[in-house]
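What follows is the residue order along each chain.
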Amino acid sequence: GLGDVYKRQTLDLSQAGFTIYYTNEILTDEQGVDLNNDGDTDDLQVPVKTRQTAFFPISALRAGSYKRDYTGSLVQTEFNNPDMVQGKERLYVQANGGSEVELDLFSALTDEQLNELRAQNWLINAAIVDFYIDSDFDNDDIPNRLYMYNAENNSIILDVVSEARTFGIDGNVDRDDDGNATKYQFLITDYISEILKMEDPRSLSKLAVKTFHPTDNIISALDTIVKDFSWNPRGIVLKGNNLPLTDPERLRLRIYYTEDPQ
C-alpha cells in the first residue's frame, strides 16, 4: 500500500544448530570400580556426575532482512519534504524499519494559550484521536492494529497502564458493516488530562504511531520501554491533518469535557 519495493535477503540456516553442554547425575551399578570412594566395588545405584551434550538443529528457522527502496515513489517525496509546521495530507506507517507518524498535539498553541486552557479546570471525560484510512491507495494488506507511544523517551503513555483493564489505548482497525477498514482510533484521556491539569501539569511531549507488535504489550508496571523491532511488514496510508477543515476524516484530536461550575 506504500508503493515501495524491498529486497529480501535470507540467511541459510539449513545446517545450523546449537549444542548445550551440561552435567547431571546418573545412577550407576559398580562393576569392579569404587565409584563413591567407600572401599567397596559392588554398590548399586551410585549417583555419578556425568558430562552430557544436547544438539538442537534449527534448520526449520530462517532469518531475513528488508532493504527498502523508495526511489521514484510518492513516499520518497513525502519523506524528503516533511512539513513540520502545517503537517501532512497523507501519513505513512510501515513496520520492519519502514516509517512512523509523529504527532505534536499542541504545537499550534503558545504557552499563554495553553495556560488559558489549563485555567478552565476542565474534567476531561474522553480524548480521542482518529486516523482515517486513505482510500485512494491500495490498503488491502493492512495492520490489524497500530500503536501510539511517547516519542520523546520511547516509552508507553499513561493510558496503556491506567486503562489496561478496559480498552487501553485501543488502536485496533475499525470496519464498516461491509467489512471495509475505515480508521484506527486511540483513546488517550488520561494523557491529555495530565497535560491540561491546572496544578502541576505534565510537560508536553511528541507522540508517535507505529505498527503494533505483540512485544508492545506490557508485562509489568516496570515494562515501560517500547520495543523498536518488528517482523510484521504490513503498512497503511492514513489521512493527515493538512486537509480542509470541513473534511470529516481529517486527523484531529477530540476532547470531551465537563466545565467547572465555579
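Quick note: structure is the one above.
A few points on the structure. (Residues numbered from 1 in each chain as written. Predicted model: local features only at pLDDT ≥ 70, side-chain atom pairs only at ≥ 80, totals over all residues. Heavy atoms only, no water.)

## Re empty space enclosed by the protein
Heads up, the rule is: Cavities and pockets are defined on a 1 Å grid built over the protein atoms alone: a cavity is a set of grid points where a 1.4 Å probe fits but cannot escape, while a pocket is an open set with protein on both sides within 12 Å along at least five of seven lines, and lining residues are those with an atom within 4 Å of any such point. Grid points are joined across faces, edges and corners, and a volume is the space filled by probe spheres set on the points. Under the convention adopted here, Pro, Cys and the residues Ala, Val, Leu, Ile, Met, Phe, Trp and Tyr are nonpolar, Asp, Glu, Lys and Arg are charged, and Gly plus all remaining residues are polar.
What the rule picks out here adds up to two cavities of 30 Å³ or more. For the largest cavity, the calculated volume is near 40 Å³. Forming the boundary of the largest cavity are Asp 104, Leu 105, Phe 106, Tyr 191, Ile 195, Leu 204 and Ser 205. In terms of residue class, the lining of the largest cavity is made up of five nonpolar, one polar and one charged. Within this model, the second largest cavity holds a volume of roughly 30 Å³. Contributing to the lining of the second largest cavity are Ile 156, Thr 215, Asp 216, Asn 217, Ile 218, Asp 223, Ile 225, Val 226 and Lys 227. The residue inventory of the lining of the second largest cavity, partitioned by class, reads four nonpolar, two polar and three charged.

## Re the sheet that holds strand β9 (residues 170–175)
Cut-off, in case you're wondering: At least two DSSP bridges between two strands are required for those strands to pair. Counting from the N terminus, the helices are the DSSP runs of H or I reaching at least four residues and the strands are the DSSP runs of E reaching at least two. Lines fitted to C-alpha atoms define the axes here, with helix axes fitted over just the stretch in contact, and angles between the N-to-C directions of these axes take values from 0 to 180 degrees.
On the basis of which strands lie adjacent, the open sheet formed by four strands has the order β9-β10-β7-β13 and antiparallel pairing. Only two strands of the sheet have a single neighbouring strand rather than two, namely β9 and β13 (252–258). Each strand axis lies, on average, 25° off the axis of its neighbour in the sheet, ignoring direction. Relative to strand β10 (residues 181–187), strand β7 (residues 123–132) runs antiparallel, the two sharing five bridges. Following the sheet pairing, Val 129 is matched in β10 by Phe 186.

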